[in-house]
Amino acid sequence: MQGLCCNRRCIQRSQNPILFPRALHARRFAGRSSPGFSGFNAGKPSGSPRSPKDKGPNSKATGPSGQPHQAPRDGSAKEVDNAETPPRTRFRIGPGKLIFFSIAAFLGYKVNTWRTNPARSVILNPRFFLPFILQSREKVSSTSVILNLLSLPKGQNTESVSEAWRTGVWSVQVIQPELQIARSYTPLPPIEGTEPEQVRLFVRQEPQGEVSTFLHKINRGTIVNLRGPRVEYEIPDDVDEILFLAGGTGIAPALQVAHTLFNHRIKSTEQGPELRVLWANRRREDSINGLDPFSSPRARGELIPKIRKLADEWQGELPSQPKETTEEGTAPSQHSQTRLVEEVETMKSRHGGKVIVDYFIDEEGSYITESLLRTYLSDIDQTANQDGTPRRKVILVSGPDGFVNYLAGPKTWQRGREIQGPLGGLLKKIDAQGWEIWKL
Ligand SMILES: Cc1cc2nc3c(=O)[nH]c(=O)nc-3n(C[C@H](O)[C@H](O)[C@H](O)COP(=O)(O)OP(=O)(O)OC[C@H]3O[C@@H](n4cnc5c(N)ncnc54)[C@H](O)[C@@H]3O)c2cc1C
């Protein structure tokens, strides 16, 4: 063995010090041995001149018998017949080393267990994308689905998500793996029986939209990477009234508000603010069975006769079946409710009058109009609180850009960040005095 040196080429060069004067460098190291590696340098006492027979790592000095010499461990020049010498132990592990390695192995195991412990890692991180598996996909309408995603691995810490639910409206980002582009989506509140590591997204497919199309195409078992949570709006603790104007998928944050208020913050239905949601969709299929003729704007005389006729015709098309009556006394249509309308209706019935939802359908000419908004705002309790403080009232607007622009004016960009921008649209026109307005 040549001894410890910097590299193999250096060792080879050391065989010819005339051609390679730098080989001296290798030679200098050839006689040294580190105390921990005495086995590498056996037979060459530190600093002792090398035997002329020792020509390098590949050379084999032979003894009289023609067998290779075995260098003596004590560094003496005495030659030992290799054939009769028992094999030399290179590393001798004494009890001290054994204890040291055992402790090191134990600590390594402990560190690894700690690092890979699912409870130590979180299901969502605002800075990094983390994996979720697509468990199932429910079709809600021809353009929208609900995706059930489960965090991997199971058993991770869900505190950041619970905190987001207590705070208000929040979103996650989904990344399209091939294009590496990310889009925001608003998780739906958990339903009974679902696991805390589950995230449910309501996604409408945009024509030629990159991420929404990706989410509509993927199969069960596909890994979807999410980043978050990102809080979009913190619901004030002292809010008394919320008017939520939702367009299409904008219903998801409205459901979040209801979940935060009535499942996390307020324990009794007598307490807590009123939540009114006006949910506008382009097509009826998006909110089948959601048009409640007795609590919607029709009841307030807002619906023009033409719309009423359209609605009646639609009801007439339905196959005749025994009519059921809901708790609110309305006769539901025979179309099955979409999953989302079902969730909205459950939310309404659970929170005994604190949550009101009215449905609007563009293709039937039922819109959120200026006069309708005025009616809603004047309808809402204007009286001060019992302690004399004015009621805190908030309008939240959520939906596609066109919807938000129409009602509250566009959001704007400042230094690469989207900000609220000045109030515009219908809400500016009607001068909603005393209302805080937030565009989501
Ligand atoms: C906080 C927040 C929460 C959200 N929550 C939800 C939610 O819960 N559910 C939901 O469905 N959406 C939600 N969105 C919207 C969502 O983030 C995406 O904007 C939406 O899914 C469309 O993304 P995409 O990549 O599919 O479409 P994109 O590829 O961004 O395209 C958007 C539209 O622009 C058009 N377009 C794209 N490129 C061009 C081009 N070169 N020329 C002309 N037109 C073009 C496309 O046809 C498409 O109609 C949310 C948005 C935000 C900001």
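Scoring rules and cut-offs
Residues numbered from 1 in each chain as written. Predicted model: local features only at pLDDT ≥ 70, side-chain atom pairs only at ≥ 80, totals over all residues. UniProt positions renumbered as here; feature names shortened; annotations may be inferred. Near = placed C-beta within 6 Å. Helix = DSSP H or I, 4+ residues; strand = E, 2+ residues; numbered from the N terminus. Nonpolar A, V, L, I, M, F, W, Y, C, P; charged D, E, K, R; others polar. Pairing = 2+ DSSP bridges. Axes fitted to C-alpha atoms, helices over the stretch in contact; angles between N-to-C directions. Core = buried A, V, L, I, M, F, W, Y, C linked by C-beta atoms within 7 Å. Buried ≥ 20, exposed ≤ 12 C-beta atoms within 10 Å, placed from the backbone. Domains from an automatic or database assignment. Contact = placed C-beta atoms within 7 Å. Arc of directions from axis to C-beta.

Naming follows an unreviewed UniProt entry, where the protein appears as FAD-binding FR-type domain-containing protein of Alectoria fallacina. The record in UniProt for the protein states the following under Sequence similarities (unreviewed entry): "Belongs to the flavoprotein pyridine nucleotide cytochrome reductase family." Annotation of the protein in UniProt includes, under Subcellular location (unreviewed entry), the sentence "Membrane".

Near the ligand there are 19 residues, and of these Ser184, Gly209, Val211, Ser212 and Thr249 occur at the shortest range. At the level of elements, strand E4 (181-185), strand E6 (198-204) and helix H5 (210-217) are the ones that each hand at least two residues to the shell around the ligand. If one sorts the elements of the shell around the ligand by residue count, H5 sits on top with four residues. In terms of residue class, the shell around the ligand is made up of six nonpolar, eight polar and five charged.

All right, on to the sheet that holds strand E10 (residues 355-361) then. Whether parallel or antiparallel, the strands of a sheet pair through hydrogen bonds between backbone atoms. Here we have five strands laid out as an open sheet, ordered E10-E9-E8-E11-E14, and parallel in their pairing. Pairing within the sheet leaves two strands with one partner each, and these edge strands are E10 and strand E14 (435-439). In this sheet, neighbouring strand axes are inclined to one another by 15 degrees on average, regardless of whether the strands run parallel or antiparallel. Pairing of strand E8 (residues 241-247) with strand E11 (residues 393-398) involves six bridges; the strand directions are parallel. Counterpart to Phe244 in the pairing with E11 is Leu396.

As for its placement among the helices and strands, Ser160 is situated in helix H4 (residues 159-167). Taking C-alpha positions, Ser160 is 8.9 Å from Gly228, a pair spaced 68 residues apart along the chain.

In this structure, Phe244, Leu245, Val257, Ala258 and Trp279 are the most contacted members of the largest nonpolar core, which totals 67 residues. Among the elements that line this core, the one with the most residues is helix H6 (residues 251-265), at eight residues. When residues of this core are assigned to domains, at least three fall in each of domain 2 (130-232) and domain 3 (235-439). Leave out the neighbours within four places in its chain, and Val257 touches Gly168, Val169, Ile235, Ile242, Phe244 and Leu275.

What follows is about the pairing of E4. In this sheet, E4 lies alongside strand E3 (residues 168-176) in antiparallel orientation, the contact comprising five bridges. By the bridge assignment for E4, Gln173 is matched with Ser184. The loop that links E3 with its antiparallel partner E4 comprises four residues; one of these, Gln180, has a positive phi angle of about 60 degrees.

Further remarks concern the pairing of strand E1 (residues 130-139). Here E1 runs beside strand E7 (residues 223-234); their pairing, made up of four bridges, is antiparallel. Among the inter-strand pairings, Pro131 is bridged to a residue of E7, identified as Asn225. Hairpin connection between E1 and strand E2 (residues 144-151): a loop of four residues separates the two successive antiparallel strands.

In this section: the UniProt feature "binding site: FAD" (unreviewed entry) in the protein. Sites flagged by UniProt as "binding site: FAD" (unreviewed entry) map to Arg183, Tyr185, Val211 and Ser212. Taken together, the annotated residues stretch across 30 residues yet fold into one region, lying no more than 10.4 Å apart by C-alpha. Counting through the fold element by element, Tyr185 comes out in strand E4. For Tyr185, a count of 22 C-beta atoms within 10 Å gives the class buried. Not counting residues up to four positions away in its chain, the partners in contact with Tyr185 are Ser171, Val172, Val174, Leu201 and Val203. Summarising the element assignment, Val211 is placed in helix H5. In contact with Val211, other than residues within four places in its own chain, are Val174, Gln176, Ile181 and Arg183.

This part is about helix H9 (residues 370-379). Among all positions of H9, only Leu373, Tyr376 and Leu377 are buried. One side of H9 holds all its buried residues, which, seen down the axis, span an arc of 95 degrees. Opposite the buried face of H9, by more than 90 degrees, sit the exposed residues Ser371, Ser378 and Asp379. Contacts made by the buried residues of H9 are with E8, strand E9 (274-281) and helix H11 (425-429).

With an omega of -10 degrees, the peptide bond between Leu152 and Pro153 qualifies as cis. Along the chain, the position of Pro153 falls in the loop between E2 and H4. In this chain, Gly228 is followed by Pro229 through a cis amide linkage whose omega measures -5 degrees. Structurally, the position occupied by Pro229 is in strand E7. The phi dihedral of Arg415 falls on the positive side, at around 45 degrees, and the residue is not glycine. Position of Arg415 among the secondary structure elements: in the loop between strand E12 (412-414) and strand E13 (417-419). With 5 C-beta atoms counted inside 10 Å, the residue Arg415 sits in the exposed group. Even without being a glycine, Asp431 presents a positive backbone phi close to 50 degrees. The residue Asp431 is located in the loop between H11 and E14 in this model.

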